[in-house]
Amino acid sequence: MGIRSQLHPRSDGKKIYLPPACHTLSRKEKISFCQCLRRVKVPQGYSSNIKSLVQLKDLKLVGLKSHDCHVLMQQLLLVAIRDILPNKVRLAITCLCFFFNAIYSKVVDPVKLDELENEAAIILCQLEMYFPPAFFDIMLH
């Protein structure tokens with residue numbers, strides 16, 4: 001069918017391997033992402049101490065509460081991925097962060113709701129181009 005031909009199995013003569021997807025981070029990129037989140041400073045009371053939630057040894061975020069996830073999606077993710085991901089993937093994630101920022105605001109203009117609804121469909125289509133279908137299954141999350 002020719003869908004995502006860049007992800008088809010490749011052979012080097014002896015072994016067959018699967019190339020990494022565009023959203024897959026290398027170890028160096030994961031270290032850069034975690035170090036960026038570790039260095040970020042936020043005002044007291046804005047969110048948890050993000051520095052304490054980043055584990056550089058395992059390259060993971062551990063112990064995030066729901067408000068921390070909101071802050072990460074609205075503000076911090078934009079900064080952390082700015083030099084890591086390819087432009088198209090970064091643009092899709094950035095649009096998603098802007099969308100969340102708009103709907104989480106205290107005051108939402110009713111006129112903008114129709115625009116946000118249309119934008120949500122476009123963002124979802126962009127994300128479906130780069131992330132696997134299992135990413136969108138609510139049962140996993």
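Here is what the cut-offs are and how they apply
- Residues numbered from 1 in each chain as written.
- Predicted model: local features only at pLDDT ≥ 70, side-chain atom pairs only at ≥ 80, totals over all residues.
- Heavy atoms only, no water.
- Phe/Tyr/Trp six-rings, centres within 6.5 Å; stacked < 30°, edge-to-face > 60°.
- Buried < 20%, exposed > 50% of the residue type's maximum accessible area, 1.4 Å probe, protein only.
- Helix = DSSP H or I, 4+ residues; strand = E, 2+ residues; numbered from the N terminus.
- Expected span 1.5 Å × (residues − 1).
- Contact = heavy atoms within 4.5 Å.
- Axes fitted to C-alpha atoms, helices over the stretch in contact; angles between N-to-C directions.
- Parallel < 35°, antiparallel > 145°, perpendicular 65-115°, else oblique.
- Left-handed = near helix turned anticlockwise from the far one by under 90°.
- Nonpolar A, V, L, I, M, F, W, Y, C, P; charged D, E, K, R; others polar.
- Patch = residues over 30% accessible without salt bridge, like charges linked within 9 Å, V, L, I, M, F, W, Y side chains within 5 Å.
- Areas by Shrake-Rupley, 256 points an atom, 1.4 Å probe, with all protein chains shown as cover.
- Salt bridge = Lys/Arg side-chain N within 4 Å of Asp/Glu carboxyl O.
- Lys, Arg positive; Asp, Glu negative; His and termini not counted.
- Charge placed at Lys NZ, Arg CZ, Asp CG, Glu CD.
- Core = buried A, V, L, I, M, F, W, Y, C linked by side-chain atoms within 4.5 Å.
- pLDDT = per-residue confidence, 0-100.

1. Concerning the packing of aromatic side chains
Evaluated as defined, the whole model comprises two aromatic pairs. Centroid distance Phe99 to Phe100: 6.1 Å. Interplanar angle 55°. Geometry classified as tilted. Residue Phe99 is classed as buried on the basis of its relative accessible area, which comes to 14%. Relative to Tyr104, the ring of Phe100 has its centre 5.6 Å away and its plane inclined at 10°; by these criteria the two rings are stacked. Given a relative accessible area of 36%, Tyr104 falls into the partly exposed group.

2. Thoughts on helix α4 (residues 87-103)
Counted at 1.5 Å a residue, the expected span for α4 with its 17 residues is 24 Å, and the 24 Å between its end C-alpha atoms agrees. Buried within α4 we find Val89, Ala92, Ile93, Thr94, Leu96, Cys97 and Phe99. Buried residues belonging to α4 abut α3 (66-80) and α5 (110-130).

3. Describing unusual backbone geometry
Of note, the phi angle at Leu59 is positive, near 55°, even though the residue is not glycine. Tracing the backbone through its elements, the reader meets Leu59 in the loop between β3 (54-55) and β4 (60-61).

4. Notes on the packing of helix α1 (residues 27-39) against α3
Two elements in contact, α1 and α3, have axes separated by 9 Å at closest approach and are oriented at 125°. If you check the angle between α1 and α3, you find them oblique. Relative to α3, the crossing made by α1 is right-handed. In this structure, α1 uses Phe33, Cys36 and Leu37 to contact α3, whose residues at the interface are Leu72, Leu76, Leu77, Val79 and Ala80. Of the residues contributing to the contact of α1 with α3, the split by class is eight nonpolar, no polar and no charged.

5. Here's the deal with a negative patch on the surface
A contiguous patch of negative charge, built from Asp109, Asp114, Glu115, Glu117 and Glu119, is present on the exposed surface. Locating Asp109 in the fold gives a position in the loop between α4 and α5.

6. Notes on the nonpolar core
Grouped together as the largest cluster of nonpolar side chains are 27 residues, with contacts concentrated most on Phe33, Leu37, Ile93 and Leu127. Where this core is concerned, the elements lending two or more residues are α1, α2 (50-53), α3, α4 and α5. In terms of residue count, α4 provides more of this core than any other element does, six residues in total. Residues within four places of Leu127 in sequence aside, it is in contact with Ala92, Ile93, Leu96 and Phe136.

7. Focus on the confidence of the model for the protein
Summary statistics for the protein give a mean pLDDT of 87 and a share of 96% for residues scoring 70 or more. Ranking the helices and strands of the protein by mean pLDDT puts α1 first, with 93, and α2 last, with 85.

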